[in-house]
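# Coordinates in review
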There are 2 protein chains.
Amino acid sequence: MRISKKTEYAVHSLLYITFFKDRTVLLDELAAQGISREYLAKVMRLLTKSGILKSSVGVNGGYVLARPADQITLEDIFNAVEGDAYYRCESKSRRCGLAGKCGLTEAFGAARKMFLSELRKCKMSDMMEKSVSDGSWLKNLNPVV
Amino acid sequence: MRISKKTEYAVHSLLYITFFKDRTVLLDELAAQGISREYLAKVMRLLTKSGILKSSVGVNGGYVLARPADQITLEDIFNAVEGDAYYRCESKSRRCGLAGKCGLTEAFGAARKMFLSELRKCKMSDMMEKSVSDGSWLKNLNPVV
DNA sequence: GAGAGGATACTCGGATAGATGCTGTCCGAGTAACTGGGG
DNA sequence: CCCCAGTTACTCGGACAGCATCTATCCGAGTATCCTCTC
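Cut-offs used in this document
- Residues numbered from 1 in each chain as written.
- Chains lettered and ligands numbered in written order.
- Predicted model: local features only at pLDDT ≥ 70, side-chain atom pairs only at ≥ 80, totals over all residues.
- Heavy atoms only, no water.
- Helix = DSSP H or I, 4+ residues; strand = E, 2+ residues; numbered from the N terminus.
- Rg over C-alpha atoms; globule rule 2.2 N^0.38 Å.
- Buried < 20%, exposed > 50% of the residue type's maximum accessible area, 1.4 Å probe, protein only.
- Contact = heavy atoms within 4.5 Å.
- Lys, Arg positive; Asp, Glu negative; His and termini not counted.
- Charge placed at Lys NZ, Arg CZ, Asp CG, Glu CD.
- Phe/Tyr/Trp six-rings, centres within 6.5 Å; stacked < 30°, edge-to-face > 60°.
- Lys NZ or Arg CZ within 6 Å of the ring centre and 35° of its normal.
- Least-squares fit on C-alpha atoms with pLDDT ≥ 70 in both.
- Axes fitted to C-alpha atoms, helices over the stretch in contact; angles between N-to-C directions.
- Parallel < 35°, antiparallel > 145°, perpendicular 65-115°, else oblique.
- Left-handed = near helix turned anticlockwise from the far one by under 90°.
- Nonpolar A, V, L, I, M, F, W, Y, C, P; charged D, E, K, R; others polar.
- Near = heavy atom within 4 Å.
- Polar contact = N/O pair within 3.5 Å; in protein donor to acceptor, adjacent residues only side chain to side chain.
- Buried area = accessible area lost by both parts, 1.4 Å probe.
- Salt bridge = Lys/Arg side-chain N within 4 Å of Asp/Glu carboxyl O.

### A few points about the overall build of chain A
Counting its regular elements, chain A contains 7 helices and 2 strands. Taking 2.2 N^0.38 as the reference for a compact globule, 145 residues should give roughly 15 Å; the C-alpha atoms of chain A span a radius of gyration of 19 Å, well beyond that estimate. For chain A, the residues scored as buried account for 50% of the 145 residues in total. Intrachain contacts of chain A at a sequence separation of at least 6 include 63% that bridge at least 24 residues. For chain A, the distance from the average position of its 23 positive side-chain charges to the average position of its 16 negative side-chain charges is 7 Å.

Laid out in structure tokens, this is it:
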């Protein structure tokens, strides 16, 4: 449930890839945002494994989106990157007579659902639009052919 | 945003205190659930500072609820215990041209609001009822006068 | 001109180390109620 | 009977160690394309 830097790295890289959607993007290009290259590689692998990206190895390899940007939500990215480990009441492993009957697991489970459903509303294509209209770097980038 | 053990300790202890709402409860009683006494003391202090509990030191000291159990929500407890540190996009500190314009901070902020509003629905008194009706330890406890 | 083999340019993924924050421990300080003795 | 000082029973809060996880680094392995050489 923690939001780590991995998610930030993933989203920014996906924005970049979305911008150059008609060509494969290199890891080095993405790392040029100021992200550790090797660490980013691991994040990209998570996105690839979960089917958000397609990667190809070898010469002319790199990354492309596996599906259109309006079919990728922040929830997809969050799940791919942060995993689905989550809180569970551990009272049973203590001398706690509640033995998980306190309803904590359920309450936090419901809260997580709301959290995720809010992330689901946020599509990659929306973020792309917002970033471009805010006059960000993406606007000024020249495709490095 | 992480849900640590502190929250679990806090909720279970508050349940105990709620059950014996007409007397002060000792730290040792609460720690008897199988929680490190000294660590729990820190959690209790967080709850006291945020106005959920009232504590008194000295002989006959201990803890009591600062307000009725139906006016204490899981959100109150969560905020008191986990604090309000939360995700902020740090792209500015990198060579990232997005400079925080990606909307990540806003998106996760909205998601957090939904998360908290769900926790707000869960009152201490509800959890108390649930725990008792599930035949838990609370039912069998004899007030240690 | 075509096929084979080597060079090149990428990603994959495991091992490892440092940083950070949670968890747990220790201990002295502070405070309020009780107790007992002296006036 | 009353007051005062000492004792006792608590919480407060800082310092510190252990540990898990996140972050970052290193490096060899694997793979696809391209280039060159040979026939």
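### Regarding the packing of aromatic side chains
With the rule as written, the count across this model stands at 15 aromatic pairs over all chains. The interplanar angle of 70 degrees and the centroid separation of 5.5 Å between the aromatic rings of B:Tyr87 and B:Phe108 together place this pair among those described as edge-to-face. Residue B:Tyr87 is found in the loop between helix H4 (74-82) and helix H5 (104-120), and its partner B:Phe108 is found in helix H5; the two are separated by 21 residues along the sequence. For the pair B:Tyr87 and B:Phe108, a shared accessibility class is recorded, and that class is buried. Members of the aromatic cluster, connected to one another through ring pairs, are A:Phe78, A:Tyr87, A:Phe108, A:Phe115, B:Phe78, B:Tyr87, B:Phe108 and B:Phe115. Lying across the ring of A:Phe20, A:Arg23 places its NZ or CZ 4.4 Å from the centre. The positively charged end of B:Arg112 is found above the aromatic ring belonging to B:Tyr86, 4.8 Å away from the centroid.

### Considering the relation of the copies chain B and chain A
With an RMSD of 0.1 Å, the fit of chain B onto chain A corresponds to turning through 180 degrees and sliding 0.0 Å along the axis. Overall, the copies show the geometry of a two-fold rotation axis. Most of the interface of chain B is mirrored in chain A: 100% of its interface residues are interface residues there too.

### Points about the packing of helix H1 (residues 5-19) of chain B against H4(B)
Residues and elements named next belong to chain B. Between H1 and H4, the least distance of the axes is 9 Å, while the angle of their chain directions is 130 degrees. By the angle between their axes, H1 is oblique relative to H4. Judged by the sense of rotation from one axis to the other, the crossing of H1 with H4 is right-handed. When H1 is examined against H4, the residues Lys6, Thr7, Ala10, Val11 and Leu14 are found in contact with a partner set consisting of Leu74, Ile77, Phe78, Val81 and Glu82. Here the residues of the contact of H1 with H4 sort into 7 nonpolar, 1 polar and 2 charged.

### Quick word on the protein's contact with DNA strand D
Close to DNA strand D lie 25 residues, the nearest being A:Arg2, A:Lys5, B:Lys42, B:Arg45 and B:Ser55. Residue A:Glu38 places a side-chain N or O atom 2.9 Å away from a base nitrogen belonging to DNA strand D. The side chain of B:Arg45 places a nitrogen or oxygen atom 2.8 Å from a base nitrogen of DNA strand D. Those elements that place two or more of their residues in the surface near DNA strand D are helix H1 (5-19) and helix H3 (37-49) of chain A together with helix H3 (37-49) and strand S1 (53-56) of chain B. If one sorts the elements of the surface near DNA strand D by residue count, H3(B) sits on top with 4 residues. Taken together, the residues of the surface near DNA strand D break down into 9 nonpolar, 7 polar and 9 charged.

### Quick word on the protein's contact with DNA strand C
Near DNA strand C you find 26 residues, and of these A:Lys42, A:Arg45, A:Ser55, B:Arg2 and B:Lys5 are the closest. Sugar plus phosphate, as a fraction of atoms of DNA strand C within 4 Å of the protein: 62%. Here a phosphate oxygen of DNA strand C and a backbone polar atom of B:Lys5 are 2.9 Å apart. Going through the elements one at a time, H3, strand S1 (53-56) and strand S2 (62-65) of chain A together with H1 and H3 of chain B are the ones with two or more residues in the surface near DNA strand C. For the surface near DNA strand C, the element with the most residues is H3(A), which contributes 4 residues. Tallied by class, the residues present in the surface near DNA strand C amount to 9 nonpolar, 8 polar and 9 charged.

### Brief notes about the side chain of B:Glu118
All names here are of chain B. Along the chain, the position of Glu118 falls in helix H5. Since its relative accessible area comes to 16%, Glu118 is described here as buried. Engagement of the side chain of Glu118 in a polar contact is seen with the side chain of Lys121, the distance being 3.1 Å.

### Focus: the interface of chain B and chain A
Across the contact, 47 residues belong to chain B and 47 residues belong to chain A. In this assembly, chain B packs against chain A so that about 4,000 Å² is buried in total across both faces, 68% of it on carbon and sulfur atoms. At the surface where chain B touches chain A, the tally comes to 2 salt bridges. For A:Arg94, the salt bridge goes to B:Glu8, with nearest N and O atoms at 2.7 Å. Within the residue set of the side of chain B that touches chain A, elements represented by two or more residues are H1, H4, H5, helix H6 (124-133) and helix H7 (137-140) of chain B. Ranked by residue count, the leading element in the side of chain B that touches chain A is H5(B), at 10 residues. Grouping the constituent residues of the side of chain B that touches chain A by class yields 28 nonpolar, 9 polar and 10 charged.

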